[in-house]
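Structural overview for review
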Amino acid sequence: MVNKLPEDFTLHRYGIDVRLVNEDDAEFIIKLRNDDRNSKFLSKTTTNIYEQINWIREYKIREKEGKDYYFLFSFNQMPVGLYRIYNIENDSFVCGSWAFKPDSQSGLGILGCIIGREVAYEDLKLEKCFTDVLVDNISSISFQKAFHPKTLKTENGKIYFEHYKENFYVAS
């Protein structure tokens, strides 16, 4: 049986407030994901607010099923970032949609990723995380490697990693 987060999930950890995305976040998501400094490492997303709201509505169905969680991070009551755990099946998940405001306080993006994985491993009791990183995103590759993942393949300009829960807690 898959553990699920409550639809009113909130968390305060490491000085950051975390909650699940809702329709009111559509404008923030569009601005963040289409910021030139972020978009070079992210999948393309719509700039149409109504399409983003519709995507969020469809996401909320997956959220209720326990298959997808899209987190919004706030610092000093201001939204600063996003992170997603999705394709949740059996004991594994995929992480992505990791984007933080380029001008946010140093380290918040790293903490957001750590919090997202802690929720997956601790609250949802998942064991494996899959992620991919563009080969040009050197800082993200270095960060991923700190958790001693298995490199699955390099293909189409991306490196695919498999992370294990036990390695997350002994990262160097």
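Anyway, here's the lowdown on the structure attached to this text. (Residues numbered from 1 in each chain as written. Predicted model: local features only at pLDDT ≥ 70, side-chain atom pairs only at ≥ 80, totals over all residues. Heavy atoms only, no water.)

Here we look at the packing of aromatic side chains
Worth spelling out the cut-off: Between rings of Phe, Tyr and Trp, where Trp is taken as its six-membered ring, a pair exists when centres lie within 6.5 Å; planes separated by under 30 degrees are stacked, by over 60 edge-to-face, and by other angles tilted. Comment: elements are numbered from the N terminus, with helices defined as DSSP H or I runs of at least four residues and strands as E runs of at least two. Each residue is placed in one exposure class: buried if its accessible area under a 1.4 Å probe, protein chains only, is under 20% of its type's maximum, exposed if it is over 50%, and partly exposed if it falls in between.
Following the criterion strictly, the structure yields 13 aromatic pairs and no others. An angle of 35 degrees between the planes, with centres 5.4 Å apart, marks the rings of Phe73 and Phe100 as tilted. Linking Phe73 in strand E3 (residues 68-75) with Phe100 in strand E5 (residues 92-100), this pair joins segments that are 27 residues apart in sequence. Phe100 matches Phe73 in its accessibility class, with the two residues each being buried. Summarising the aromatic geometry, the rings of Phe147 and Phe168 are spaced 5.2 Å apart at their centres and angled 15 degrees between planes, so their arrangement reads as stacked. Residue Phe147 is located in the loop between helix H5 (138-145) and strand E7 (150-155), and its partner Phe168 is located in helix H6 (residues 165-168); the two are separated by 21 residues in the primary sequence.

Description of the sheet that holds strand E8 (residues 158-164)
The strands that make up a sheet are held in pairs by hydrogen bonds between backbone atoms, and each pair lies either parallel or antiparallel. For the record, the criterion: By the convention used here, strands pair only if DSSP detects at least 2 bridges between them. Throughout, an axis means a line fitted to C-alpha atoms (over the contacting stretch in the case of helices), and angles, computed between N-to-C directions, take values from 0 to 180 degrees. What makes two residues a contact is simply this: any of their non-hydrogen atoms within 4.5 Å.
Within the open sheet, the eight strands sit side by side as E1-E2-E3-E4-E5-E6-E8-E7. Their pairing is mixed. For this open sheet the edge positions go to strand E1 (10-13) and E7, each flanked by a neighbour on one side alone. The mean inter-strand angle of the sheet, taken between neighbouring strand axes irrespective of direction, is 25 degrees. Here strand E4 (residues 78-89) runs beside E5; their pairing, made up of six bridges, is antiparallel. Across the sheet, residue Tyr86 finds its bridge partner in E5, namely Val94. Across the sheet, helix H4 (residues 108-123) is in contact with E1, strand E2 (16-20), E3, E4, E5, strand E6 (128-134) and E8; its angle to E5 comes to roughly 160 degrees.

Digging into the side chain of Glu162
Threshold: Identification of polar contacts relies on pairs of N or O atoms within 3.5 Å, with a donor-acceptor requirement for protein atoms, meaning one able to donate a hydrogen and the other able to accept it, and with residues adjacent in sequence counted only if both atoms are side-chain atoms.
Relative to the assigned elements, Glu162 resides in strand E8. At 3.2 Å, the side chain of Glu162 forms a polar contact with the side chain of Tyr164. Those residues in contact with Glu162, other than ones at most four positions away along the chain, are Lys128, Cys129, Phe130, Pro149, Lys150 and Leu152.

Notes on the nonpolar core
The following threshold applies: We call a set of buried Ala, Val, Leu, Ile, Met, Phe, Trp, Tyr and Cys residues a nonpolar core when their side-chain atoms join them within 4.5 Å.
Formed by 42 residues in total, the largest nonpolar core has its most connected members in Phe71, Phe73, Ile85 and Phe93. Of the residues forming this core, the biggest block, seven residues, is contributed by H4. In contact with Phe93, other than residues within four places in its own chain, are Ile85, Tyr86, Asn87, Ile88, Ala120, Tyr121, Leu126, Lys128, Cys129 and Phe130.

Concerning the state of the cysteines
Cut-off, in case you're wondering: Any two cysteine sulfur atoms within 2.5 Å of one another count as a disulfide.
Counted by the stated rule, this structure contains zero disulfides. In this structure Cys113 is a free cysteine whose sulfur lies 5.7 Å from that of Cys95, the closest cysteine sulfur available. Since its relative accessible area comes to 1%, Cys113 is described here as buried.

Some words on the environment of Lys153
Residue position: Lys153 is located in strand E7. Residue classification places Lys153 among the partly exposed residues on the basis of a relative accessible area of 39%. Taking the C-alpha atoms as reference points, Lys153 and Asp17, 136 residues apart in sequence, are found 35 Å from one another.

Topic: the pairing of E1
As defined by bridge partners, E1 adjoins E2 across four bridges and the pair is classed as antiparallel. Counterpart to Arg13 in the pairing with E2 is Ile16. Adjacent in sequence and paired antiparallel, E1 and E2 are bridged by two residues, among which Tyr14 carries a positive phi angle near 55 degrees.

A look at H4
Inclusion rule: Here the expected length of a helix is defined as 1.5 Å per residue gap, with one fewer gap than residues.
The first and last C-alpha atoms of H4 sit 21 Å apart over 16 residues, in line with the 22 Å expected at 1.5 Å per residue. Residue Lys125 follows H4 closely and has a positive phi angle near 60 degrees.

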